[in-house]
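# Close look at the chain arrangement
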Amino acid sequence: TPAAPIDRRDLESGNLTGLVTDQRNGRPLAGATVALESGHEGPRWTTSGADGRYSLGGIPVSALQEVSVRLAGFATELQPVRLGAAMTAELDFKLAPAGRIEATIQDETGTPIKGATIEQLRGHGNSFLPKAISDARGIALVEGVPVNSDSLAYSASKPGYLGAGGIKKIQF
């Protein structure tokens, strides 16, 4: 019997599998969204099953990418991954309980800035990370951040607020 033909797409893509668990007790977490921003291909995502397992297939081979996992009540977690052609990588996630940050965003005169986006610096541009938009009082509430972490860095931005007259103060 002749061998089945090899699909060229299988040689130009990789697969990602893994397990999502609760950091506190190791129990599997069902319903977590596992997402990968994949350049021009756009985001790819799946949901963990009842056993906490997930699988993403047909991921284009490229440079280092970030995988994010989010689930209500837990902090969003990021891990880097680099896939080779026809490779399957195992990437497990242990999610920590979530907290929230309230930030006040102001210009150099102390005036609140409405409509500014505040987001975590790590993974900048990843649409699956927690972020928020400030209200008329300049207040933004960012949900889903790790609790008891003082090592997170955030930035605030809004079109028209660059250079000397830009956003001058982010207060947590």
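Use the structure listed above.
A few points on the structure.

Calculation criteria
Residues numbered from 1 in each chain as written. Predicted model: local features only at pLDDT ≥ 70, side-chain atom pairs only at ≥ 80, totals over all residues. Heavy atoms only, no water. Helix = DSSP H or I, 4+ residues; strand = E, 2+ residues; numbered from the N terminus. Buried < 20%, exposed > 50% of the residue type's maximum accessible area, 1.4 Å probe, protein only. Contact = heavy atoms within 4.5 Å. Areas by Shrake-Rupley, 256 points an atom, 1.4 Å probe, with all protein chains shown as cover. Salt bridge = Lys/Arg side-chain N within 4 Å of Asp/Glu carboxyl O. Pairing = 2+ DSSP bridges. Axes fitted to C-alpha atoms, helices over the stretch in contact; angles between N-to-C directions.

### A few points about the overall build of the chain
Within the chain, the secondary structure is distributed over one helix and 14 strands. A total of 172 residues make up the chain; the buried ones form 40% of that total. Counting contacts in the chain only where the partners sit at least 6 residues apart, residues at least 24 apart contribute 60% of the total. For the chain, the exposed surface amounts to about 9,700 Å²; the carbon and sulfur share of it is 52%.

### Regarding the pattern of salt bridges
Counted by the stated rule, this structure contains three salt bridges. Of the charged contacts in the structure, one is a salt bridge between Glu90 and Arg53, with a shortest N-O distance of 3.0 Å. Taken together, the positions of Glu90 in strand β7 (residues 88-90) and Arg53 in strand β4 (residues 53-60) put the pair 37 residues apart, joining distant regions of the chain. When its relative accessible area of 49% is taken as the criterion, Glu90 is described as partly exposed. Asp135 serves as the salt-bridge partner of Arg137, at 2.7 Å between the closest nitrogen and oxygen. With a relative accessible area of 54%, Arg137 lands in the exposed category.

### Things to note about the environment of Arg27
Residue position: Arg27 is located in the loop between β1 (13-22) and β2 (33-37). Once the C-alpha coordinates of Arg27 and Gly52 are considered, the two residues, 25 residues apart in sequence, prove to be 8.2 Å apart. Setting aside residues up to four positions removed in sequence, Arg27 forms contacts with Val20, Thr21 and Asp22.

### A short note on the sheet that holds strand β13 (residues 154-157)
A sheet is described by the order of its strands in space; here three strands give the open sequence β11-β10-β13, paired in antiparallel fashion. Two strands in the sheet have a free side with no partner beyond their single neighbour: β11 (131-133) and β13. With strand direction ignored, the average angle separating the axes of adjacent strands in the sheet is 15 degrees. With four bridges connecting them, strand β10 (residues 117-120) and β13 associate as antiparallel partners. Note that in β13 the partner of Thr117 across the bridge is Ser157.

### Things to note about the pairing of strand β6 (residues 77-81)
Summarising the sheet, strand β5 (residues 65-70) and β6 pair through five bridges and their orientation is antiparallel. Looking at the pairing, Ser68 lines up with Leu78 of β6. Between β5 and β6, which pair antiparallel in sequence order, lie six residues; one of them, Gly73, sits at a positive phi of approximately 90 degrees.

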